[in-house]
Amino acid sequence: MADGTHVAQGWDSASLKALFNPDTGWLDRRVLSDQGIYQLELERIFARGWNFMCHESQLKEPGEYLVSYIGEDQIIVVRDEDGQVNAMLNTCRHRGNALCRAEQGRAKSFVCSYHGWNYALDGRLIGVPGQSTFYHGDLDRSGLGLRRVRLESYLGFYFATLAEDAPSLHDYLGETGRAGVGMMCAHGEVEVVEGVQKNVIDCNWKIAVDNLFDWYHVPYSHASANSAGFFEIAKIQFPKNQMVMLGEYGHAIGGPGIPKETQDRIDLLSDEEREAMTRAGSPEAPRIRPRKATELMGEAGVRSQGHPNIFPNLWVTISGTQMCLRLPRGPSQTELWWFTLVPKGAQPEAKRQIVRRLNHVFGPAGLLEQDDGENWSQSTRAARGVASRQLGLNMQMGIGHDEVLTNDGGEHYIEGLIGEHGQRWLYRAWTEWMAARDWAELKANHSLPPTGAI
Ligand code: FES
Ligand SMILES: [Fe+2]
């Protein structure tokens, strides 16, 4: 599994690396359709990386659980009686039945629906029907607990990995990943509203990820939302004030950025004045962040008004109000899970209004996602044809026209026009993850955030 011992289905390191050329921006379309590549992604990217599971507010009481995924492996994340949060594979140790069938709920223990084996909230096997009769007392329960999975949290956001040799979550996220998660807490503590909205789109998961860095498509794909008066693209896109941050292991943030001179003026304002400034702006523009947000996001990060992606597949939407997991379901299907964030302790009416507004933007009922989903599925379909798949995908925008700046805090960032730096960084990291057979190889061979001309 995560150690990469599985046969690479005809793909060796050199052929995997050749799938994307970061110097020209050409990507081989087979990355969107090849079954062998997909299987390898499950092993070398999903099983090996830190995957977002849930937020602590979703597991308030002992017994509260949620079932999430690492690739196609189901993971139960549950708070036990001692208050500890555990992650375990959702598969019975007897005949492998899926143990927990509900997506979310509260349990005292988990009883398998096949033969009735019973597991405690920490995964111990605590009950076996017929243990003294049919098993003659021979069954050693101690070695038959649920398979535990590594789980760590940052700012209350839980992530899990199947790789014992993965770096800590903190190190994995690095500066850019931590800025991305920090964006969700920049205005204070948050909680996830009840329920995760789920829908399936017939697209490869990477198309949905690449799109979140894509501010080029906004005025064209979403023209109808603009002309219907749903939002004013001119007030959110800022094509000449873009900011991209490229982080270790493939994390990145891309989209509009607040110019340094503007941020210098904001820095002189009190939090109250910032709130007033936000209220005076357009309703769809992101809120100006309070002073303490700089601690969470860094001096450059706090100027970002774009979209972070926590590699591989957690999208944090602009201004950190929603999160979306792009869960792989084969090369041609992706399950999208939408989490909506509200200020911790928000009043029911305020919550309702936030949820109602955000539901119209992203998620299955979101105006923007309907435009996007259509393009993602048609792009995936067109990558499968015998002739079509031989053509590359072009990501050359901006190559050689920008510079990565580094500030005193060591943050790296690019400022300039709309470009495709985020997409190229995603696929560069993807090839490195895919070509590395284990974490040791990935640590040794991955690209560090670039500096200088790019
Ligand atoms: S498969 Fe779970 S008890 Fe038999
Ligand atoms: Fe879009």
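Everything quoted here is computed from the prediction, not taken from an experiment. (Residues numbered from 1 in each chain as written. Chains lettered and ligands numbered in written order. Predicted model: local features only at pLDDT ≥ 70, side-chain atom pairs only at ≥ 80, totals over all residues. Heavy atoms only, no water.)

**Some remarks on the overall build of the protein chain**
Then, number 1: The helix and strand inventory of the protein chain stands at 13 helices and 24 strands.
Then, number 2: Taking 454 residues into account, the globule formula puts the C-alpha radius of gyration at 22 Å, and the protein chain, at 23 Å, falls close to it.
Then, number 3: Across its three principal axes, the protein chain shows a C-alpha extent of roughly 75 × 55 × 45 Å.
Then, number 4: Burial status across the protein chain gives 55% buried among its 454 residues.
Then, number 5: Sequence-distant contacts, at least 24 apart, represent 65% of the contacts inside the protein chain between residues at least 6 apart.
Then, number 6: Accessible surface, the protein chain as shown: approximately 19800 Å² in total, 50% of it carbon and sulfur.
Then, number 7: One finds the centroid of the 45 positive side-chain charges in the protein chain at a distance of 3 Å from the centroid of its 57 negative side-chain charges. (Helix = DSSP H or I, 4+ residues; strand = E, 2+ residues; numbered from the N terminus. Rg over C-alpha atoms; globule rule 2.2 N^0.38 Å. Buried < 20%, exposed > 50% of the residue type's maximum accessible area, 1.4 Å probe, protein only. Contact = heavy atoms within 4.5 Å. Areas by Shrake-Rupley, 256 points an atom, 1.4 Å probe, with all protein chains shown as cover. Lys, Arg positive; Asp, Glu negative; His and termini not counted. Charge placed at Lys NZ, Arg CZ, Asp CG, Glu CD.)

**What to know about the domain arrangement of the protein chain**
Then, number 1: Domain parsing of the protein chain yields domain 1 (13–48 + 180–453) and domain 2 (51–154).
Then, number 2: The C-alpha-based centres of domain 1 and domain 2 are spaced at 33 Å.
Then, number 3: Taken together, the 19 residues of domain 1 in the interface contact 14 residues of domain 2.
Then, number 4: Interface of domain 1 and domain 2: buried area, both sides summed, is about 1500 Å²; carbon and sulfur atoms make up 60% of it.
Then, number 5: The largest contributions to the domain 1 side of the interface with domain 2 come from Phe-46, Val-192 and Trp-337, which together make up 24% of the buried area.
Then, number 6: Applying the counting rule to domain 1 against domain 2 returns 1 salt bridge.
Then, number 7: In this structure, the salt-bridge partner of Lys-198 is Glu-103, at a minimum N-O distance of 3.2 Å.
Then, number 8: Counting across the domain 1 and domain 2 interface gives 5 residue pairs in polar contact (both at pLDDT 80 or more).
Then, number 9: For the side of domain 1 that touches domain 2, the elements supplying multiple residues, two or more each, are helix 2 (35–46), strand 13 (190–192), strand 19 (322–328) and strand 20 (334–343).
Then, number 10: Among the elements that take part in the side of domain 1 that touches domain 2, strand 19 stands out by supplying 4 residues, more than any other. (Domains from an automatic or database assignment. Buried area = accessible area lost by both parts, 1.4 Å probe. Salt bridge = Lys/Arg side-chain N within 4 Å of Asp/Glu carboxyl O. Polar contact = N/O pair within 3.5 Å; in protein donor to acceptor, adjacent residues only side chain to side chain.)

**Topic: the coordination of the iron ion (ligand 2)**
Then, number 1: Around the iron ion (ligand 2), the protein contributes the donor atoms His-217 (NE2), His-222 (NE2), Asp-372 (OD) and Asp-372 (OD), at 2.1 to 2.3 Å from the metal centre.
Then, number 2: The sequence motif formed by the donor residues of the iron ion (ligand 2) is H-x4-H-x149-D. Of this pair, His-217 sits in the loop between helix 4 (205–212) and helix 5 (218–221) while Asp-372 sits in helix 11 (residues 367–382); the two residues are 155 residues apart in sequence, bridging distant segments of the chain. The pair formed by His-217 and Asp-372 is uniform in burial state, with each residue classed as buried. (Donors = N, O, S within 2.8 Å, 3.2 Å for Na, K, Ca; no water.)

**What about the sheet that holds strand 7 (residues 104–106)?**
Then, number 1: Read from one edge of the open sheet, 4 strands run 6-5-4-7, paired in antiparallel fashion. Two strands lie at the open edges of the sheet, namely strand 6 (85–89) and strand 7, each paired on one side alone. Each strand axis lies, on average, 25° off the axis of its neighbour in the sheet, ignoring direction.
Then, number 2: Sheet analysis places strand 4 (residues 64–70) next to strand 5 (residues 73–79), joined by 6 bridges and oriented antiparallel. Its bridge partner being in strand 5, Tyr-65 is matched across the sheet by Val-78. (Pairing = 2+ DSSP bridges. Axes fitted to C-alpha atoms, helices over the stretch in contact; angles between N-to-C directions.)

**With respect to the pattern of salt bridges**
Then, number 1: The full count for this structure, using the stated rule, is 14 salt bridges.
Then, number 2: For the salt bridge of Arg-124 with Asp-122, the shortest nitrogen-to-oxygen distance reads 3.0 Å.
Then, number 3: The exposure class of Arg-124 is partly exposed, given its relative accessible area of 49%.
Then, number 4: For Asp-122, a relative accessible area of 24% gives the class partly exposed.
Then, number 5: When the shortest N-O distance is used, the salt bridge between Glu-191 and Lys-351 registers 3.2 Å. Residue Glu-191 is located in strand 13, and its partner Lys-351 is located in helix 10 (residues 348–359); the two are separated by 160 residues in the primary sequence.

**A short note on the side chain of Arg-289**
Then, number 1: For Arg-289, the position within the fold is in the loop between helix 8 (271–280) and helix 9 (293–297).
Then, number 2: The buried charged residue Arg-289 lacks any salt bridge, with Glu-411 as its nearest oppositely charged partner at 10 Å.
Then, number 3: A polar contact is formed between the side chain of Arg-289 and the backbone oxygen of Ser-304, at a distance of 2.8 Å.

**Quick look at the environment of Arg-303**
Then, number 1: Within the secondary structure, Arg-303 is located in the loop between helix 9 and strand 17 (307–310).
Then, number 2: Taking the C-alpha atoms as reference points, Arg-303 and Arg-289, separated by 14 residues in sequence, lie 8.8 Å from one another.

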